[in-house]
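Results of the structural survey
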Amino acid sequence: MTNYTSLLKDYDLKVTPQRVAIVEELYLNGHMNIDDLYKKLLSKFPSISLATIYKNINAMVEKVFLSEVKIPNSKSVYELVKEEHAHMLCSSCGHIEDVTVNTNSVVSEASTLSQFQVDSINIVLSGTCPKCSK
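A few points on the structure. Note on numbering: residues in each chain are counted from 1, in written sequence order. Predicted model: local features are reported for residues with pLDDT of at least 70 only, side-chain atom pairs are reported and counted for 80 or more only, and whole-chain, interface and lining totals are derived from all residues. Water and hydrogen atoms play no part in the side-chain values, which are based on all heavy atoms of the structure.

Looking at the state of the cysteines
Pairs of cysteine sulfur atoms within 2.5 Å are what we label disulfides. Tallied over the full model, the rule gives zero disulfides. Here Cys 90 stays free of any disulfide, with the sulfur of Cys 129 as its closest cysteine sulfur at 3.7 Å. The thiol sulfur of Cys 132 is not disulfide-bonded, and the nearest other cysteine sulfur, from Cys 129, lies at 3.7 Å. Residue classification places Cys 132 among the partly exposed residues on the basis of a relative accessible area of 31%. We call a residue buried when its accessible area falls under 20% of the maximum for its residue type, exposed when it is over 50%, and partly exposed in between, using a 1.4 Å probe and counting protein chains only.

Listed below in structure tokens is the structure:
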């Protein structure tokens, strides 16, 4: 079992029951949007507000503890920070899966063509997952 309290402290985040619950849900579910997170936490904290969820998510993103994954034509989802990876998005069912890829060549080519210095990468590849392909 992961010690969520220690994880929050490692990122210099105040430990609250709501934050521990947010981290636990993201650890168990991988990627979640704020509405789904709110629905899950409402059962544990009946008086929690949507504003509280937003405030906590934003604080954790600022500390680079969580990452925001911007999904085209949909709500952003959030995940615990991990090594660099891309996201596979099923355009039929909405399932999101992490895939570890080497992005060095993409970053190098984009930087050369644009003269930009890349400081963050968010790759979302859309297609059909194995379940929906059947």
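So, the pattern of salt bridges
Note on definitions: salt bridges are taken to be side-chain nitrogens of Lys or Arg within 4 Å of carboxyl oxygens of Asp or Glu. Taken as a whole, this structure holds six salt bridges when the rule is applied. For Lys 82, the salt bridge goes to Glu 79, with nearest N and O atoms at 3.1 Å. Its relative accessible area of 2% is what places Glu 79 among the buried residues. Accessibility expressed as a relative area gives 37% for Lys 82, which makes it partly exposed. One network of salt bridges, with partners in common, ties together Glu 24, Glu 25 and Lys 44.

A few points about the environment of Leu 7
Per the convention used, a helix needs a DSSP run of H or I reaching at least four residues, while a strand needs a run of E reaching at least two, with both numbered from the N terminus. Within the secondary structure layout, Leu 7 lies in helix H1 (residues 4–10). Contacts were defined at the residue level, with two residues in contact if any of their heavy atoms lie within 4.5 Å. Apart from residues no more than four positions distant in its own chain, Leu 7 is found in contact with Thr 2 and Phe 65.

Things to note about the side chain of Arg 19
Secondary-structure assignment places Arg 19 in helix H2 (residues 17–29). Of the side chains with opposite charge, Glu 62 comes closest to the buried, unpaired Arg 19, at an N-O distance of 8.8 Å. Here a polar contact is recorded for every N or O atom pair within 3.5 Å, except that within protein the pair must consist of a potential hydrogen donor and a potential acceptor, and residues adjacent in sequence are included only if both atoms are side-chain atoms. For Arg 19, the side chain forms a polar contact with the side chain of Asn 56, separated by 2.6 Å. Non-local contacts of Arg 19, meaning those with residues more than four positions away in its chain, are made with Leu 8, Leu 13, Lys 14, Asn 56, Ala 59 and Met 60. Here Asp and Glu are counted as negative and Lys and Arg as positive; His is not counted, and neither are the chain ends.

Quick look at the nonpolar core
In this text, buried Ala, Val, Leu, Ile, Met, Phe, Trp, Tyr and Cys residues form a nonpolar core when linked through side-chain atoms within 4.5 Å. In terms of nonpolar packing, the biggest core is built from 20 residues, with Ile 57, Met 60 and Phe 65 touching the most fellow members. Elements represented by at least two residues in this core include exactly H1, H2, helix H3 (34–44), helix H4 (50–62) and strand E2 (77–80). At five residues, H2 tops the list of elements feeding residues into this core. Among the nonpolar cores identified, the runner-up in size contains five residues, and Val 69, Ile 71, Val 77 and Ile 96 belong to it.

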